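Spelled out from the first residue to the last, the chains are:
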Amino acid sequence: MKTVVVPAAGMGTRFLPATKTVPKELLPVVDTPGIEMIAEEAAQLGATRLAVITAPKKQGVLAHFDPYPELEQTLEERGKQEQLDKVRRAANLIKAVPVEQEQPLGLGHAVGLAESVLDDDEDVVAVMLPDDLVLPMGAMEEMAKVRAQFGGSVLCAVEVPRDEVCNYGVFDIEEIGVDNVKKVIGMVEKPDVDDAPSNFVATGRYLLDRQIFSALKRIKPGKGGELQLTDAIELLIEEGHPVHILVHRGRRHDLGNPGGYIRACVDFGLKHPTYGKGLRHYITELLAEEN
């Protein structure tokens, strides 16, 4: 596993006005930007390249991985080693390379652009959506084990209440007798509750066979002229390509909307060695006052 693709060209409309000038991927979960958490997860997977799909006016996401000599020198002179280590951390995690998406033509289009930075010997590519924080980290490593056993492509899924399936891409599955692993025979994007084939839904982690790029070139644009990654995966399934899901039993935070972002900050804040104790005390007192 060499390359992880991170689609980060979106305008962050759900977070306006905060994202008018600051990319949503740089909003901090406590003190760490979401994109750096993705980089950490990618590095743990053994990847050496983070292909960040950016829009023409969103180069700030890549700047987070650049050295900042003036700031580093100032921190070093002032003996602020802890802060210096934090500033240098992102650049040391993984090599981030830009891939520009000139027009917002869908997730499938964004992923397809990443083929240009792959090496010839790469037969699999990981895709991590920066909006999705999948906890505990390590789901991609488990997905790699599933791929080693069954081949093809492996997607991450979570189980949601039946009345929430209309918000997600939903898997049509077949049991194969393996705990937390199921074969995918189809996908339905945001179905009505009565039409949903299951309550296992896609979350933002994909381990895709390189054949995905061929499929992306052969699908037709859907609503809004966008190329959907789901449609390309569907095409691979139709052509007999093995696709499985790993059912993740941990938590998932959606960093792309304020509600999910707040929950993620609280989750990480409560575990933080510096801020956790004080935050827990404050929340306990606050809830007692409201009751």
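A quick note: this is a predicted structure, and the numbers were derived from the prediction, not measured. (Residues numbered from 1 in each chain as written. Predicted model: local features only at pLDDT ≥ 70, side-chain atom pairs only at ≥ 80, totals over all residues. Heavy atoms only, no water.)

Enquirer: Outline helix H9 (residues 258-271), listing residues and values.
Expert: With 14 residues, H9 ought to run about 20 Å at 1.5 Å a step, and its terminal C-alpha atoms sit 20 Å apart, in line with that. Within the sequence span of H9, burial applies to Gly260, Tyr261, Ala264, Cys265, Asp267 and Gly269. The elements touched by buried residues of H9 are strand S2 (28-29), strand S7 (132-135), strand S13 (251-254) and helix H10 (276-290). The N-capping residue of H9, defined by a side-chain oxygen 2.9 Å from the backbone nitrogen of Gly259, is Asn257. (Helix = DSSP H or I, 4+ residues; strand = E, 2+ residues; numbered from the N terminus. Expected span 1.5 Å × (residues − 1). Buried < 20%, exposed > 50% of the residue type's maximum accessible area, 1.4 Å probe, protein only. Contact = heavy atoms within 4.5 Å. Polar contact = N/O pair within 3.5 Å; in protein donor to acceptor, adjacent residues only side chain to side chain.)

Enquirer: Describe unusual backbone geometry, and please don't skip the residues or the numbers.
Expert: What is expected of a backbone is that most residues other than glycine have negative phi and most peptide bonds are trans. The omega torsion across Leu16 and Pro17 is 5°, close enough to zero to call that bond cis. By the secondary structure assignment, Pro17 is in the loop between strand S1 (3-7) and S2. For the bond from Leu135 to Pro136, the omega torsion is -10°, close enough to zero to count as cis. You can see Pro136 is positioned in the loop between S7 and helix H6 (139-150). Backbone geometry at Val30 places phi at a positive 65°, although glycine is not the residue there. When you line up the elements, Val30 lands in the loop between S2 and strand S3 (32-33). A relative accessible area of 29% places Val30 in the partly exposed class.

Enquirer: Quick one: what's the story with the domain arrangement of the protein, residue by residue and with numbers?
Expert: Interface size is commonly expressed as the accessible area that is lost once the parts come together. Segmentation of the protein into domains returns domain 1 (1-130) and domain 2 (132-256). The distance between the C-alpha centroids of domain 1 and domain 2 comes to 23 Å. On the domain 2 side, the residues contacting the 32 residues of domain 1 number 24 residues. For the pair domain 1 and domain 2, the summed buried area comes to about 2600 Å², and 58% of that belongs to carbon and sulfur atoms. Per-residue buried area on domain 1 facing domain 2 is highest for Glu41, Glu115 and Leu129; these three make up 19% of the total on that side. Inspection of the domain 1/domain 2 interface yields four salt bridges. Close ionic contact of Arg205 with Glu41 constitutes a salt bridge, the shortest N to O distance being 3.0 Å. At the junction of domain 1 and domain 2, the tally comes to 15 residue pairs in polar contact (both at pLDDT 80 or more). Contributions of two or more residues to the side of domain 1 that touches domain 2 are made by helix H1 (34-44), helix H5 (107-113) and strand S6 (124-128). Take the side of domain 1 that touches domain 2: its biggest share by element is six residues, from H1. Partitioned by chemical class, the residues of the side of domain 1 that touches domain 2 number 18 nonpolar, six polar and eight charged. (Domains from an automatic or database assignment. Buried area = accessible area lost by both parts, 1.4 Å probe. Salt bridge = Lys/Arg side-chain N within 4 Å of Asp/Glu carboxyl O. Nonpolar A, V, L, I, M, F, W, Y, C, P; charged D, E, K, R; others polar.)

Enquirer: An account of empty space enclosed by the protein is needed here, citing residue identities and associated values.
Expert: Tallied over the full model, the rule gives one cavity of 30 Å³ or more. In this structure, the largest cavity spans a volume of roughly 60 Å³. Around the largest cavity sit Lys24, Glu25, Leu27, Gly34, Ile35, Pro130, Asp131, Leu255, Gly256 and Tyr261, which together line it. Residue composition of the lining of the largest cavity, by class: five nonpolar, two polar and three charged. (1 Å grid on protein atoms, 1.4 Å probe; cavity = no way out; pocket = protein on both sides within 12 Å on 5 of 7 lines; lining within 4 Å. Points joined across faces, edges and corners; volume = space filled by probe spheres on them.)

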